[in-house]
Amino acid sequence: ARGTATTTRGLPRLQGRCQGQGALGVGRGVGGPTTARAVAQQPAELEVECPSEDNGLKRSVARSEKFTLGDLAEGRAAPLAELTPQALEESYERCGLVTEYYAKTFYLGTQLMTQEKARAIWAIYVWCRRTDELVDGPHASRITPKALERWEERLEAIFAGKPYDMLDAALSDTVAKFPVDIQPFRDMIDGMRMDLVKARYNSFEELYEYCYRVAGTVGLMTTPVMGIAPQFTGEIEETYSAALALGIANQLTNILRDVGEDTYRNRIYIPLDELERFGISEEEVMSCSLVSKDGVTDERWRQFMKFQIERARQYFKMAEDGVMKLEENARWPVLSALVLYQQILDSVENNDYDNFTQRAYVPKWKKLRSLPTSYWMVIQNNLQNLS
């Protein structure tokens, strides 16, 4: 139930309790600025504390602000060592091919970006995918904590301008050109470590930490590349918070889509205390008995899934409001991914919430049909700004 950037998951939120909450879902109430996580679940009345997200957000925003001010010396990635322009070009081309193969729709959207931005997004996508494959790929059973330590050492080398291979080289060049901070990358590796040792999540607070690490981090990685619209006069943190919300929404969506599939790996990502609140046991989930042999969905599960889907959609709403704060040429690919992922939730509903024996997916024709819809949403927003 995990996935990288545009290829997989999403997270949760219902109605915010924060005073002064705006359309973005980022309020400035008594407690000061709030990010996507500071949203109460209506039934649970829970505000999630996520120190790793706070740290990743703070560092990413600070690096972006330094870049804006022209203060690039401190903490900037080193230039690439001993890499010819031809080799670097080949590195980016390979990243583009990988992105196109695994995320065709998103790759198409990047064609609207400048070449430099598109290539940087490919480089980040490929690193995220390779990281995800360590614990979810064909060799996952042989991955150890030591292997993740070595992967993190390679990450440090990337930011030091000493890439290990051709695909690393593209990311190394990207982080030297854009104000991308290393902390979200470290946090994603920590998310992979969680998958090695944790197969259950007792509460939404625990799940949120995981979702931030494996998906919310992607927003912090890519926002500095996509850029913030020059006409946006709000706090930079607002745009980064919206990006976090999209990653979280995607991760929750993946989790809800893959409940049945995850049981085969002895994993339950949905919070156990929320299952209990709806009168559902862990054993019922693991045995996939909440959908009968005749395809009838248990009413308890139906209500539970409605609750989960509503929370995911609220996070998507937070993210949607933030898309228009990005630079214009980055809006369509992000909005397209957002729209497509929400359609997965529609598919779960259309399957009568059976995510045990049926896999929710979006047909190719529907994906293609949604692209002009997303583009028109961007055009409408631009016209409104001109009027």
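This part covers the overall build of the protein. Each helix and strand in the protein was counted, giving 15 helices and two strands. For the protein, with 387 residues in total, the buried portion stands at 58%. Considering only intrachain contacts with a sequence separation of at least 6, the fraction spanning at least 24 residues in the protein is 77%. With the model as given, the accessible surface of the protein reaches about 16,700 Å², and the carbon-plus-sulfur share is 52%.

Under the criterion given, the structure shown has 32 salt bridges. Residues Glu261 and Arg359 are paired through a salt bridge, measuring 2.9 Å at the closest nitrogen-oxygen approach. Of this pair, Glu261 sits in helix H10 (residues 259–263) while Arg359 sits in the loop between helix H14 (328–350) and helix H15 (364–386), and the two are 98 residues apart along the sequence. On the accessibility criterion, Glu261 (40% relative accessible area) is partly exposed. Here Arg359 falls in the partly exposed class, since its relative accessible area comes to 45%. A salt bridge links Asp262 to Arg265, with the shortest nitrogen-to-oxygen separation between them at 2.4 Å. When salt bridges that share partners are traced, they join Asp136, Asp195, Asp262, Arg265 and Arg267 into one network.

Next up on the list: the packing of helix H5 (residues 145–159) against helix H7 (residues 183–197). Two numbers describe how H5 lies on H7: the axes approach to 10 Å, and their chain directions differ by 175 degrees. With respect to H7, the axis of H5 lies roughly antiparallel. Here Pro145, Leu148, Glu149, Trp151, Glu152, Leu155, Glu156 and Phe159 of H5 come into contact with H7, specifically with Phe185, Arg186, Ile189, Met192, Arg193 and Leu196.

Before going further, it helps to examine the side chain of Thr217. Summarising the element assignment, Thr217 is placed in helix H8 (residues 204–226). In this structure Thr217 comes out as buried when scored by relative accessible area, which is 0%.

Across the protein, the average pLDDT comes to 83, with 79% of residues at 70 or higher. Scored below 50 in pLDDT, residues 4–46 shows 152 contacts in the model against residues more than four places distant or in partner chains. Within the model, pLDDT remains below 50 along residues 69–76, and this stretch shows nine contacts once partners closer than five positions in the same chain are excluded.

Along the chain, Lys306 turns up in helix H13 (residues 299–323). Residues Lys306 and Leu345, 39 residues apart in the sequence, show an inter-C-alpha distance of 10.0 Å.

What follows covers the packing of aromatic side chains. The final tally for this structure, using the stated rule, is 13 aromatic pairs. Aromatic pair Trp127 and Trp151: ring centres 6.3 Å apart, planes at 20 degrees, arrangement stacked. With Trp127 in helix H4 (residues 115–136) and Trp151 in helix H5, the pair connects residues that are 24 residues apart, well separated along the chain. When its relative accessible area of 2% is taken as the criterion, Trp127 is described as buried. Both rings, one in Phe204 and one in Tyr208, keep their centres 6.0 Å apart while their planes meet at 75 degrees; by these two values the pair is edge-to-face. Of this pair, Phe204 and Tyr208 both sit in helix H8, four residues apart, which is roughly one turn of that helix. For the pair shown, Phe204 and Tyr208 are each scored as buried. Taken together, the ring pairs connect Phe278, Trp301, Phe304, Phe307 and Phe356 into an aromatic cluster. The ring of Tyr102 has Arg129 sitting right over it, with the charged end atom 3.7 Å from the ring centre. Positioned above the aromatic ring of Tyr201, the side-chain terminus of Lys198 is 5.1 Å from the ring centre.

Scoring rules and cut-offs
- Residues numbered from 1 in each chain as written.
- Predicted model: local features only at pLDDT ≥ 70, side-chain atom pairs only at ≥ 80, totals over all residues.
- Heavy atoms only, no water.
- Helix = DSSP H or I, 4+ residues; strand = E, 2+ residues; numbered from the N terminus.
- Buried < 20%, exposed > 50% of the residue type's maximum accessible area, 1.4 Å probe, protein only.
- Contact = heavy atoms within 4.5 Å.
- Areas by Shrake-Rupley, 256 points an atom, 1.4 Å probe, with all protein chains shown as cover.
- Salt bridge = Lys/Arg side-chain N within 4 Å of Asp/Glu carboxyl O.
- Axes fitted to C-alpha atoms, helices over the stretch in contact; angles between N-to-C directions.
- Parallel < 35°, antiparallel > 145°, perpendicular 65-115°, else oblique.
- pLDDT = per-residue confidence, 0-100.
- Phe/Tyr/Trp six-rings, centres within 6.5 Å; stacked < 30°, edge-to-face > 60°.
- Lys NZ or Arg CZ within 6 Å of the ring centre and 35° of its normal.

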